[in-house]
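Survey of secondary and tertiary structure
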Amino acid sequence: MSRPLDGIKVLDLSKVLAGPLCAQYLGDLGAEVIKVEAVGQGDETRGWPPFPAPGLGTVFLSANRNKRSIAINMKSEKGRKLVHELAKSADVAIESFGTGVAERLGIDAATLCALNNRLVHCSISGFGRTGPLKNSPGYDVILQAFGGIMSMTGDDGGGYIRSPISPIDQMTGVHAFSGILASLLAREKSGRGGAIQVSLFDTALGLLGYNLQTYWQRGTQPAKCGSSHESLCPYQAFEAADGPIMIGVANDNLWRKFCAIAELNAIVDDPKFRTNAERVRHRAETLQHVQGIIGTRTVADWNEALNAVGIPCSPINTLAQLLDHPHTKADKLIMQYDHPAAGSLNCVGHPVTFVGAERDPGLPPPMLGQHTDDVLREMGLSSESIAELRRDEVIS
């Protein structure tokens, strides 16, 4: 069965997480992705432990399926020429170098689009390509701090907490993905490609949409609220008799249902608790009533009773519990594939279901430079030319 991006060729010049994840998504949808890595080290996440095999750090494994790797010294003139030749036949190029580096390497939008006017060029950066911080290095945790996200994360009075899933990096990859797809669609109408830019900074601002709206309304820094929500109550983790459970009473209809299950009918119509706005205003007293009853029964009891009447709730699972849950197994997003160096590995597939199509992990993440010779032969280079490039340390 054909896939949506069959016939699309992608030049992945990026590294770490945002760019590689974007390119992996394109590969999952059928694009041919050639990952261009530096001779010697390659993508730096190859060196981030733990390792199922040398050169295959787990972060690298998570974002580099469905790619072939070619190792090129882009600082050399011959290396740049090879990348330019690849760009001439590509549909998409993605780079994530520091501001000014892509220009020095000759892989910036102006250079590559001049060689191929149908190319969609995507540039990924930390703080964008303009403004006072354009040269500042951008990492997910730095943008969590700079973007004000870390100031709101964790419990009131507690230390500063990093979100461990790198949400800004990953969402930047998703934004790049959507921008590239939109540009490819626009190319169908105009016949020409174009350049797009995404940054971790813009992603951080985008993720702050409703938080900033609330800040503009109140004019005050929101307090850290742990697992709760400043606009909803009761909407947070509670301690049941044998462990934690997350309960989300998101509206007044759910509140009435909850009070019936929890035998809190004595307060359901109390003016202090009748509406969500009043429960938020009297948050401490509301939580005292709710926690008092939640602690009398087990997580399993509450989970079954609340789910039965449609009240959002969940045990706070470990990763092992998540993976072992029948719903996770039925979803089939977790897949297995065989890697020639690391053996049988699990992966998270592309999180979009194309109805009628089977999910497939596709190509395993490549070893550094694994496909260098294959790609160069496809470009028309002879074995002698490839050997000469290797002797000159242009490729590996």
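Residues numbered from 1 in each chain as written. Predicted model: local features only at pLDDT ≥ 70, side-chain atom pairs only at ≥ 80, totals over all residues. Heavy atoms only, no water.

Let's talk about the pairing of strand 5 (residues 120-125)
Burial runs high along strand 5: 6 of the 6 residues are buried. Inspection of the sheet shows strand 4 (residues 92-95) paired to strand 5 by 4 bridges, in the parallel sense. The residue bridging Ile94 from the neighbouring strand is Cys122, located in strand 5. Taken together, the 6 bridges between strand 5 and strand 6 (residues 194-199) define a ladder with parallel strand orientation. Among the inter-strand pairings, Ile124 is bridged to a residue of strand 6, identified as Val198. (Buried < 20%, exposed > 50% of the residue type's maximum accessible area, 1.4 Å probe, protein only. Helix = DSSP H or I, 4+ residues; strand = E, 2+ residues; numbered from the N terminus. Pairing = 2+ DSSP bridges.)

Here we look at the nonpolar core
Ranked by size, the top nonpolar core spans 26 residues in total, and within it Val10, Leu26, Val92, Ile94, Cys122 and Ile180 carry the most contacts. Taken together, the elements giving at least two residues each to this core come down to helix 1 (18-28), strand 4, strand 5, helix 7 (167-190) and strand 6. Sorting elements by how many residues they give to this core places helix 1 first, with 6 residues. Apart from the residues lying within four places of it in its own chain, the contact partners of Ile94 are Val10, Leu11, Asp12, Leu13, Ser14, Gly19, Cys22, Ala23, Leu26, Cys122, Ile124 and Ile180. Membership of the second largest hydrophobic core comes to 25 residues, among which are Leu13, Ala87, Ile386 and Val394. (Core = buried A, V, L, I, M, F, W, Y, C linked by side-chain atoms within 4.5 Å. Contact = heavy atoms within 4.5 Å.)

Topic: helix 8 (residues 200-207)
Leu200, Thr203 and Ala204 are the residues of helix 8 that are buried. Looking down the long axis of helix 8, one finds its buried residues gathered within 100° of arc, a one-sided arrangement. Those residues of helix 8 that are buried are in contact with strand 5, helix 6 (140-146), helix 7 and strand 6. (Arc of directions from axis to C-beta.)

Quick look at the sheet that holds strand 7 (residues 235-240)
An order of 7-8-9 is seen for the 3 strands of this open sheet, with the pairing classed as antiparallel. Unpaired on one side and paired on the other, strand 7 and strand 9 (313-315) mark the two borders of the sheet. For this sheet, the mean angle separating the axes of adjacent strands, direction not counted, is 25°. Here strand 8 (residues 243-248) pairs with strand 9 via 3 bridges, running antiparallel. Note that in strand 9 the partner of Ile247 across the bridge is Cys313. (Axes fitted to C-alpha atoms, helices over the stretch in contact; angles between N-to-C directions.)

Topic: the packing of aromatic side chains
Scanning the entire structure with this criterion turns up 5 aromatic pairs. When the centroid spacing of 6.1 Å and the interplanar angle of 25° are considered together, the rings of Phe127 and Phe201 count as stacked. Here Phe201 lies in helix 8 and Phe127 lies in the loop between strand 5 and helix 6, a separation of 74 residues in the sequence. Relative accessible area serves as the criterion here: at 10%, Phe127 is assigned to the buried category. A cation sits over an aromatic face here: Lys224 above Tyr160, 4.1 Å from the ring centre. Here the basic side chain of Arg297 rests over the ring of Trp302, its NZ or CZ set 4.4 Å away from the ring centre. (Phe/Tyr/Trp six-rings, centres within 6.5 Å; stacked < 30°, edge-to-face > 60°. Lys NZ or Arg CZ within 6 Å of the ring centre and 35° of its normal.)

Here's the deal with the environment of Gly219
Position of Gly219 among the secondary structure elements: in the loop between helix 9 (209-218) and strand 7. Look at Gly219 and you get partly exposed, because its relative accessible area is 48%. In sequence terms Gly219 and Ile334 are 115 residues apart; their C-alpha atoms lie 44 Å from each other.

Some thoughts on a nonpolar patch on the surface
Residues Leu319, Leu322, Leu323, Ile334 and Val348 make up a contiguous nonpolar surface patch of roughly 470 Å² in combined accessible area. Broken down by element, the residue count for the nonpolar patch peaks at 3 residues, all from helix 14 (residues 319-324). With respect to the helices and strands, Val348 occurs in strand 11 (residues 343-348). (Patch = residues over 30% accessible without salt bridge, like charges linked within 9 Å, V, L, I, M, F, W, Y side chains within 5 Å. Areas by Shrake-Rupley, 256 points an atom, 1.4 Å probe, with all protein chains shown as cover. Salt bridge = Lys/Arg side-chain N within 4 Å of Asp/Glu carboxyl O.)

Some details on unusual backbone geometry
Residue Pro50 is bonded to the preceding Pro49 through a cis peptide linkage, with omega at 5°. Within the secondary structure layout, Pro50 lies in the loop between strand 2 (32-38) and helix 2 (58-62). Going from Cys233 to Pro234, the amide bond is cis rather than trans, its omega being 0°. One can find Pro234 in the loop between helix 9 and strand 7. Although it is not a glycine, Asn66 sits at a positive phi angle of roughly 55°. Tracing the backbone through its elements, the reader meets Asn66 in the loop between helix 2 and strand 3 (68-72). Even without being a glycine, Ser166 presents a positive backbone phi close to 50°. Its place among the elements puts Ser166 in the loop between helix 6 and helix 7.

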